[in-house]
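Geometric and topological summary
Okay, here's what each chain looks like letter by letter:
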Amino acid sequence: MKAAAHPSCPCGSGRTLEQCCGRYLAGEPAPDAEALMRSRYTAYVLGDEAHLLATWHPETRPDSLGLATEGGPRWLGLTVKRHVVTAPDRAEVEFVARYRAGGRGHRMHESSRFVREHGRWYYVDGELAESG
């Protein structure tokens, strides 16, 4: 009898969801900004708005993200370009996320800023790269 396959993590790490982002979605603090960013991408894929809001810094966090609405993007893949620690409790992660919306493929290229407070990393904001 063949064992049930464990789903691979949507963040593209090559590990299973439970070995990778699943533990952060369950509430374990991410060890660094890149791990948090990957877990946030996974949360978008899975529609986990609670994780996204909980890991968004209170000063920039929206009231809601509306992930439950139909017709949202279908996330296709993530590539982390770089992870730079800019200060002891600050970091930036540049990434490209591919998605399909309205029948067309798109790329979101962003440099995100993160801050660590009380041992937890939070997404602060990001700058989208110019496309073209």
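This text follows the structure it describes.
To start, this report covers the structure provided alongside it. (Residues numbered from 1 in each chain as written. Predicted model: local features only at pLDDT ≥ 70, side-chain atom pairs only at ≥ 80, totals over all residues. Heavy atoms only, no water.)

**Details of the packing of aromatic side chains**
Tallied over the entire structure, the rule returns 5 aromatic pairs. For the pair Tyr44 and Trp75, a centre-to-centre distance of 5.8 Å together with 50° between the ring planes defines the contact as tilted. On the criterion of sequence distance, the pair formed by Tyr44 in helix H2 (residues 33–46) and Trp75 in strand E1 (residues 74–87) is long-range, its members being 31 residues apart. Geometrically, the ring pair formed by Phe114 and Tyr123 is edge-to-face, given 5.8 Å between the ring centres and 70° between the ring planes. For Phe114, a relative accessible area of 2% gives the class buried. Classification of Tyr123 by relative accessible area gives buried; the value is 11%. (Phe/Tyr/Trp six-rings, centres within 6.5 Å; stacked < 30°, edge-to-face > 60°. Helix = DSSP H or I, 4+ residues; strand = E, 2+ residues; numbered from the N terminus. Buried < 20%, exposed > 50% of the residue type's maximum accessible area, 1.4 Å probe, protein only.)

**Quick word on H2**
An ideal rise of 1.5 Å per residue puts 20 Å on 14 residues; H2 measures up with 20 Å between its terminal C-alpha atoms. In terms of residue burial, H2 counts as a mostly covered element, since 10 of its 14 residues are buried. What H2 keeps buried is the set Ala33, Ala35, Leu36, Met37, Arg38, Ser39, Arg40, Tyr41, Thr42 and Ala43. On its buried side, H2 packs onto helix H1 (22–25), helix H3 (49–54), E1, strand E2 (90–101), strand E3 (104–117) and strand E4 (120–128). Of the residues flanking the start of H2, the one acting as N-cap is Asp32, its side-chain oxygen 3.2 Å from the backbone nitrogen of Glu34. Downstream of H2 by a residue or two, Gly47 has a phi angle that is positive, lying close to 75°. (Expected span 1.5 Å × (residues − 1). Contact = heavy atoms within 4.5 Å. Polar contact = N/O pair within 3.5 Å; in protein donor to acceptor, adjacent residues only side chain to side chain.)

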